[in-house]
Every structure is written in structure tokens, then in C-alpha cells.
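Fold and contact review
These are the residues of each chain, in order.
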Amino acid sequence: MLRIIDSRTGEPVEAAPARRGLTRVHAHASGLDASALRVLLVADVLVRVLELGGTPVWAVLTGDRQQPELRAAATGLGIRPFEDGRDLATGLGESQVIRVAGERGAATDGTSPDGAVLVEVAPVTGPEPPTVADGGVRDPAALRLALLAAPRGTPVRLDTDALDAADRSLARWRRAVAGWARQPSRPVPEEVRGRLRTAWEDDLDVPGVLRVLGRVETEPGLPDGARFETYAYADRLLGLDLVRDLGSLS
């Protein structure tokens, strides 16, 4: 069961307190920059975790600047679409509302109901990567990985070194996944599945998920078919297209 730290109280709360009850994930971001994209990315991962647990989710976005441009950049980053949340008067009887916002936009401003759980996202600093600013050629999944690699409450500096490191990790994992896929399939070991779920259900600890994958990559005695299924399973949360290179190895 996913538990999230409410930034207003510092206390953990259940992200889906009612079984099969609707949870609204309300992202609030404005402008076209990496900090706004990080807010949407955290909201996207939150939606994915809830859906993996069988919770119905209503994902909405509000903001007052550059919303079409922000939505287009988010799509390029593999973030699934959010509905327009400007008119929230017609709610669907949700049992939980979780608001995801940048630290400077975290104060209650009328765009989310009183009592909503607040998830604050720290800013991104450094030069704007080309995938944000001008549709450059860098793989958007590398930017996604660079933003996912740090806890959401920790500021991220996006510079050439950080993006190059993400590029290398992504390329290595995709090559490995393509190679493992050529071996007989094996189920995800229950112990590994448990470690993954424990990480992402503990306040959305995505860096913990990445650490589990790092151990699976080199864990002795684990069949390659099980490594493949583990990475494919975790990628339902991460959204890094880790199976992209299947069939590309000669």
C-alpha cells in the first residue's frame, strides 16, 4: 500500500485510503522549464504506482503559463496526458486528492481543495537540456532518468555530466535487457518483486527502485530471463522504454 509524506504535516498518509476508491492526482505547474517538467514527472510516476496497485486515478493539471508548451514537452518525456483541471467543480467523488507542486507553488492558492495531501517537488537547476528548450536530439528518456535518480525533495542540477551519466546508464541497461531477452523467460523472483514494491510504496522512493535494478543487473545466480522480466516489470513504473532495443542484437 502506497504511503506518501504529506508536505503540510510531515506525516505519512495512505495514497488510496478506500479500496478501489478514486484518487485524484492534481499537478500544478506553470512555464516551460525542467522544474515544471519534474513536477509532472513525479505526478506521472505517482499515477503509475497507484494504477499498478489497482487504484483508479484521475490525473489533472493546472497552471497559468505556457500550458500547451508544457504539455507538449511532457509528452516528449514519456509523461502521459493530464486532463485540464481548471474547472474542478464537477468532482467524481474521489476518496483522496494528492496535489503535486513545486516548492514555490506549494501554498494553497485555490487550485486544490482544502485538506488535499501535498507532495512538494524540489527545483531543477543548471542549463536547460535541449529536450526542454528546443527539441534537441538527446534521448528524452535520459532526461527522465536524470530527474528520477534523485529523491523528489532534493534539488537536481542538470548539467552535461549528469545527462551524460544518465545516457550511459540507459544505453547499458537497454543493451543488457536486449541480451537477456534472448534467454528463456523466467518469472520475477518474489523476493525481488517485494523489494521493488517496498521501495515505490515507501513515499514513492524511485531512487530505491533504481538501486534494486542495479543489484539485479549483477546478482550472481539469477537467470537472465528473470533479469529481463524484472526490468520490464519495473519499467511500468519508470517509463524509460528499457525494452526498446529488443531484437537489435545480432
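Summarised in this report is the structure supplied together with it. (Residues numbered from 1 in each chain as written. Predicted model: local features only at pLDDT ≥ 70, side-chain atom pairs only at ≥ 80, totals over all residues. Heavy atoms only, no water.)

1. Here we look at the overall build of the protein
Summing up its helical and strand segments, the protein has eight helices and nine strands in all. For the protein, the residues scored as buried account for 49% of the 250 residues in total. Counted over contacts in the protein with a minimum sequence separation of 6, partners at least 24 positions apart contribute 73%. Carbon together with sulfur atoms contributes 51% to the accessible area of the protein, which is approximately 11,500 Å² in total. (Helix = DSSP H or I, 4+ residues; strand = E, 2+ residues; numbered from the N terminus. Buried < 20%, exposed > 50% of the residue type's maximum accessible area, 1.4 Å probe, protein only. Contact = heavy atoms within 4.5 Å. Areas by Shrake-Rupley, 256 points an atom, 1.4 Å probe, with all protein chains shown as cover.)

2. A look at the pattern of salt bridges
With the rule as written, the count across this model stands at 17 salt bridges. When the shortest N-O distance is used, the salt bridge between Arg48 and Asp44 registers 2.9 Å. Of this pair, Arg48 and Asp44 are both found in helix H1 (residues 34–52), four residues apart, which corresponds to roughly one turn of the helix. Asp44 matches Arg48 in its accessibility class, with the two residues each being buried. Note that Glu191 is salt-bridged to Arg195, the shortest N-O span being 2.7 Å. Here the residue Glu191 and the residue Arg195 both occupy positions in helix H6 (residues 190–201), the gap between them amounting to four residues, near one helical turn. A relative accessible area of 48% places Glu191 in the partly exposed class. Through salt bridges with shared partners, a single network forms among Asp44, Arg48, Glu51, Arg80 and Arg144. (Salt bridge = Lys/Arg side-chain N within 4 Å of Asp/Glu carboxyl O.)

3. Digging into the packing of aromatic side chains
A ring pair, where both rings are aromatic, is described by two values, the distance of the centres and the angle of the planes. All chains considered together, the criterion is met by three aromatic pairs. Consider the rings of Trp173 and Tyr231, whose centres lie 5.5 Å apart with planes at 85°: the pair is edge-to-face. Highlighted residues: Trp173 in helix H5 (residues 160–180) and Tyr231 in helix H8 (residues 224–238), separated in sequence by 58 residues. In this structure, Trp173 and Tyr231 share a single accessibility class: buried. Taken together, Trp173, Trp180 and Tyr231 form an aromatic cluster joined through their ring pairs. Of note, Arg193 hangs over the ring of Tyr233, and the distance from its end group to the ring centre comes to 4.6 Å. (Phe/Tyr/Trp six-rings, centres within 6.5 Å; stacked < 30°, edge-to-face > 60°. Lys NZ or Arg CZ within 6 Å of the ring centre and 35° of its normal.)

4. Observations regarding H5
With 21 residues, H5 extends 30 Å between its outermost C-alpha atoms, agreeing within 8% with the 30 Å of an ideal straight helix rising 1.5 Å per residue. When we look at burial in H5, the residues that qualify are Leu163, Ala166, Leu170, Trp173, Arg174, Ala176, Val177, Ala178 and Trp180. (Expected span 1.5 Å × (residues − 1).)

5. Brief notes about the sheet that holds strand E7 (residues 117–121)
The five strands lie next to each other as E5-E4-E3-E6-E7, forming an open sheet whose pairing is parallel. Of all strands in the sheet, those bounded by a partner on one side alone are strand E5 (83–84) and E7. Relative to strand E6 (residues 96–102), strand E3 (residues 23–28) runs parallel, the two sharing six bridges. Its bridge partner being in E6, His26 is matched across the sheet by Arg99. Strands E3, strand E4 (57–62), E6 and E7 of the sheet are contacted by H1, whose axis makes an angle of about 170° with E3. (Pairing = 2+ DSSP bridges. Axes fitted to C-alpha atoms, helices over the stretch in contact; angles between N-to-C directions.)

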